[in-house]
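So you can see what is in the structure, the chains are spelled out below.
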Amino acid sequence: MTPDKTTITAIVPTYNRSAFLHEALNSLACQTRIVNEIIVWDDGSTDDTEKVVRTAEGPVRYFRSENGGKSRALNAALAQARGDLIWICDDDDIVLPHAAETLTGLLRAHPSAGLAGGGYKRFSDDPAGGKRILAGPGYWPDLSEGSMLRHLLEDIFLFQNATLVRRSCYDAVGPFRENLPRSIDYDMIVRLAARFPVAVTEEALFHQRKHDGARGSVASRHAAAQSDAVWKTTDKQVFEGLRDILQPTLFTGMFEAETPDHAARAGRLQRGCVHARRTDWSMALEAFRMAAELLPDMALSPVEKKICHRAMAGKHGITEALTPDMCAALTELAAASPLGAEISAALMRGTAWRLRVALRDRDWSMAATLGRFIARLLSAGGTRRPRQAAGNLSERRDPPLGKLPEQDGQTERAPA
């Protein structure tokens, strides 16, 4: 076998995490496949971060700047990186010894891929006994069907510590957005996956530390307990910035059908699903309405019904869909046509498991709200359904990917 001559630059942006940083850097220095350089970018820490870095093993290069947030630190570090492959690692997580070898092996086996990713496990340290508690990943989809792009659009599950990217791909999609307080990794992985194929393994490549430390830059600090609310807001902001990338043709290309209109209809439903899971229900409703206009006499296929079910299963919930205005709009969709009624019925069925959870948890207020929502959609749609049987439709594993437009809110790469 020809020796792998590609070089790896690991980038570790850090801010006041000296208590965790040594273990993170040591895990990079102990890889079974050499990491050629480790850039630590200190984003204005006020603890003993520099002292920790100066005593770290491996080919470490240390840089320091005033606090400007993770995106700015990463963009500056990328300008200094010398490697062919870029591996961004958090300062509080631990990469497993075989991670670099596994990721480079994936890229070698899939030369058309622009990036390679893998799984992870979460852990926490018991403060009482010092015991390390290991758990499974927070979210990992069923990758047996559908494309990597579709799965990533529905929710993030590939994280930077388990993602190795060809430097040329970062150059192609542009720098990290500096106007995002959080979720910059999500924004970047979508931009990359919309342009380049992704090779992936479900094997765990790093351990993600769960702890109560503060998150974000100085300008947007928040406690760990607030992370879910911040992610919800920021994820919506991420997708607002990705609208120029996430064009209808990108979604249509995810499906194979007997007619172009059927693929386009499924694409519109998928686009609505993605926006619904981001709690952007105005955009989701627009996509569902547009879907109802295509092949209105043909019933939904099983694949299309699954898309509607997933629209109601996002981690951020469906509270925005339950507002009076949105509920009225969804009722209008159900009453507008037999296909609109079937789309609404599929959305309703996706809501049923949330009702079961509310009943299980004895959340009577939420159960009542969901019950009224389901009853209203049922009443509006009735039993009307399209008369023509559903056509054959399937998801593509490798949809066509396109060139990205220029991104708003980004900065130019600093000269090396």
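Further up the page is the structure itself.
Since this is a predicted model, take the numbers as computed values, not measurements.

Participant: With reference to specific residues and values, describe empty space enclosed by the protein.
Facilitator: By the definition in use, this model includes two cavities of 30 Å³ or more. Counted as a void, the largest cavity has a volume near 70 Å³. Put simply, the parts of the chain that give the lining of the largest cavity at least two residues each are strand S8 (163-166) and helix H7 (184-193). The element that contributes the greatest number of residues to the lining of the largest cavity is H7, accounting for four residues. Residues belonging to the lining of the largest cavity are distributed by class as follows: eight nonpolar, two polar and one charged. Roughly 40 Å³ of volume is contained in the second largest cavity.

Participant: Could you give me a rundown of the side chain of Arg-191, with the residues and numbers involved?
Facilitator: Turning to its location among the elements, Arg-191 is positioned in helix H7. Classification of Arg-191 as buried rests on a relative accessible area of 0%. Side-chain polar atoms of Arg-191 contact the backbone oxygen of Gly-174, separated by 3.1 Å.

Participant: Pulling in residues and values, what's your account of the layout of surface pockets?
Facilitator: In this structure, the second largest pocket encloses a volume near 360 Å³. Lining of the second largest pocket is provided by 19 residues; of these, Met-148, Pro-197, Val-198, Arg-397 and Asp-398 occupy positions nearest its centre. Every element with two or more residues in the lining of the second largest pocket is listed here: helix H5 (148-154) and strand S9 (198-209).

Participant: So, the nonpolar core: which residues are in play, and what are the values?
Facilitator: Counting 115 residues, the largest nonpolar core has Trp-87 and Ile-343 as its most contacted members. At seven residues, H7 tops the list of elements feeding residues into this core. Excluding residues that lie within four positions of it along the chain, Ile-343 makes contacts with Leu-269, Phe-288, Ala-291, Ala-292, Leu-300, Cys-308 and Leu-333.

Participant: Pulling in residues and values, what's your account of helix H14 (residues 338-360)?
Facilitator: Given 3.6 residues to a turn, an α-helix orients residues that are three or four positions apart in the same direction. Taking 1.5 Å per residue as the helical rise, H14 with its 23 residues ought to reach 33 Å, and the 33 Å between its terminal C-alpha atoms agrees with that figure. Along its length, H14 shows its largest kink, about 25°, at Gly-350. Note on H14: the residue one or two positions beyond its end, Arg-362, has a positive phi of about 55°.

Participant: So, the packing of helix H10 (residues 260-277) against helix H12 (residues 302-311): which residues are in play, and what are the values?
Facilitator: The N-to-C vectors of H10 and H12 enclose an angle of 10°; their axes lie 8 Å apart at closest approach. One way to sum up the angle between H10 and H12 is to call them roughly parallel. Considering the relative orientation of H10 and H12, their crossing is left-handed. Contacts from His-262, Arg-265, Ala-266, Leu-269, Gln-270, Cys-273, Ala-276 and Arg-277 of H10 reach H12 at Glu-304, Ile-307, Cys-308, Arg-310 and Ala-311.

About the cut-offs
- Residues numbered from 1 in each chain as written.
- Predicted model: local features only at pLDDT ≥ 70, side-chain atom pairs only at ≥ 80, totals over all residues.
- Heavy atoms only, no water.
- 1 Å grid on protein atoms, 1.4 Å probe; cavity = no way out; pocket = protein on both sides within 12 Å on 5 of 7 lines; lining within 4 Å.
- Points joined across faces, edges and corners; volume = space filled by probe spheres on them.
- Helix = DSSP H or I, 4+ residues; strand = E, 2+ residues; numbered from the N terminus.
- Nonpolar A, V, L, I, M, F, W, Y, C, P; charged D, E, K, R; others polar.
- Buried < 20%, exposed > 50% of the residue type's maximum accessible area, 1.4 Å probe, protein only.
- Polar contact = N/O pair within 3.5 Å; in protein donor to acceptor, adjacent residues only side chain to side chain.
- Core = buried A, V, L, I, M, F, W, Y, C linked by side-chain atoms within 4.5 Å.
- Contact = heavy atoms within 4.5 Å.
- Expected span 1.5 Å × (residues − 1).
- Bend = angle between axes of the 7 residues up to and from the residue.
- Axes fitted to C-alpha atoms, helices over the stretch in contact; angles between N-to-C directions.
- Parallel < 35°, antiparallel > 145°, perpendicular 65-115°, else oblique.
- Left-handed = near helix turned anticlockwise from the far one by under 90°.

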